[in-house]
Amino acid sequence: MPRDTLTADRIVRAAVELLDDEGLDGLNMRSLAQRLGSAATAVYWHIKSKDDLVRLASEEVWSEVELPDLDAVDWRTAAASHATGVYAMLTRHPWLVQALSSHLLYGSAQARHNDFGLAVYEKAGFAPADADRAAAAVLAFVLGSTVGPAAQVSLNRRQGKNGESAEQLMADAMARATETARQFPHLRKRLDTAAAQEYAGAPDGSFEFGLRSLLDGFGARLAATS
């Protein structure tokens, strides 16, 4: 493909697809160029480095999250919708969780969400400093909730590349973890329940429960100071 048929937008969209398929460790200019049917040197004409590419890819996926209309809904509805949208985006693109801790990521799409978080909690009635804390607490909760799923995707990918059965390795690890858990009373009581058989990580509804609890706490704090 001639260099002039490439655009930065096309390259970034292809990078997101490659990151979704191969993870952060699988992103390199040669693999990306092959996906685009081009040469790595042509990619470099548009984007100078892998770090720049990851930053631009992060901006692309942040742009997927729609922002609620703060003039049309109450602060709590807006906060829940925003947090749920970010959580869904990070679940679709688990590489971003790793990239946030290993790359300097910035841009207007990400800043737009940071600004919206502050606007939500200022609308709720928090003073600016507490709005900062509330927005940071929710973002930390959202990120923490996606670490487990992101790690599982990465583990499955690595094991598959090693020619191992991810399913068998997971089953073996779960069996060993179960035997370890039986040594502890509160874990032991839950091991043989139906719920324990349905999940390997957090129980279903954990994200929703945690987010509701956070927002309940914010509401109670606001009520106590009003």
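That block above? That's the structure.
As the structure is a prediction and not an experimental result, all values here were calculated from the model. (Residues numbered from 1 in each chain as written. Predicted model: local features only at pLDDT ≥ 70, side-chain atom pairs only at ≥ 80, totals over all residues. Heavy atoms only, no water.)

### Focus: the overall build of the chain
In terms of regular secondary structure, the chain is built from 12 helices and 0 strands. Put simply, the chain runs from its N terminus to its C terminus through helices and strands in the order α-α-α-α-α-α-α-α-α-α-α-α. When the 226 residues of the chain are sorted by exposure, 33% land in the buried category. Partitioning the contacts of the chain with sequence separation of at least 6, the portion at a separation of at least 24 is 70%. Split by element, the accessible area of the chain, about 13,000 Å² in all, is 54% carbon and sulfur. (Helix = DSSP H or I, 4+ residues; strand = E, 2+ residues; numbered from the N terminus. Buried < 20%, exposed > 50% of the residue type's maximum accessible area, 1.4 Å probe, protein only. Contact = heavy atoms within 4.5 Å. Areas by Shrake-Rupley, 256 points an atom, 1.4 Å probe, with all protein chains shown as cover.)

### Concerning helix α7 (residues 108–124)
Between its first and last C-alpha atoms α7 spans 24 Å; for 17 residues at 1.5 Å apiece the expected length is 24 Å, and the two agree. Immediately beyond the C-terminal end of α7, within one or two residues, lies Gly125, with a positive phi of roughly 120°. (Expected span 1.5 Å × (residues − 1).)

### Describing the packing of helix α1 (residues 8–22) against helix α2 (residues 29–36)
For the pair α1 and α2, the least separation of the axes is 10 Å and the interaxial angle reads 110°. On the basis of the axis angle, α1 is roughly perpendicular to α2. Helix-helix and strand crossings are classified by hand; for α1 and α2 the assignment is right-handed. When α1 is examined against α2, the residues Arg10, Ile11, Ala14, Ala15, Glu17, Leu18 and Asp21 are found in contact with a partner set consisting of Ser31, Leu32, Arg35 and Leu36. Across the contact of α1 with α2, the residue classes break down as 6 nonpolar, 1 polar and 4 charged. (Axes fitted to C-alpha atoms, helices over the stretch in contact; angles between N-to-C directions. Parallel < 35°, antiparallel > 145°, perpendicular 65-115°, else oblique. Left-handed = near helix turned anticlockwise from the far one by under 90°. Nonpolar A, V, L, I, M, F, W, Y, C, P; charged D, E, K, R; others polar.)

### Notes on the pattern of salt bridges
Taken as a whole, this structure holds 6 salt bridges when the rule is applied. Here Glu17 makes a salt bridge to Arg35, at a shortest N to O gap of 4.0 Å. Taken together, the positions of Glu17 in helix α1 and Arg35 in helix α2 put the pair 18 residues apart, joining distant regions of the chain. A salt bridge links Glu179 to Arg182, with the nearest nitrogen and oxygen atoms 3.9 Å apart. For Arg182, a relative accessible area of 31% puts it in the partly exposed group. When salt bridges that share partners are traced, they join Glu17, Asp21 and Arg35 into one network. (Salt bridge = Lys/Arg side-chain N within 4 Å of Asp/Glu carboxyl O.)

### A short note on the side chain of Glu59
Structurally, Glu59 is set in helix α4 (residues 50–62). Within polar-contact distance, the side chain of Glu59 engages the backbone nitrogen of Ser108 at 2.9 Å. If we ignore the near neighbours within four places in the chain, the residues touching Glu59 are Tyr106, Gly107, Ser108, Ala109 and Gln110. (Polar contact = N/O pair within 3.5 Å; in protein donor to acceptor, adjacent residues only side chain to side chain.)

### Side note on α4
For α4, built from 13 residues, the straight-helix expectation of 18 Å at 1.5 Å per residue is met to within 8% by its first-to-last C-alpha distance of 18 Å. Considering only its buried residues, α4 is in contact with α1, α2, α5 (75–92), α6 (95–102) and α7.

### Side note on the environment of Pro128
With respect to the helices and strands, Pro128 occurs in helix α8 (residues 128–161). Overall, Pro128 belongs to the exposed group, its relative accessible area being 54%. Taking the C-alpha atoms as reference, Pro128 lies 7.8 Å from Leu118; in sequence the two are 10 residues apart.

### As for the environment of Ala109
Considering the arrangement of structural elements, one finds Ala109 in helix α7. Non-local contacts of Ala109, meaning those with residues more than four positions away in its chain, are made with Glu59, Trp62 and Ser63.

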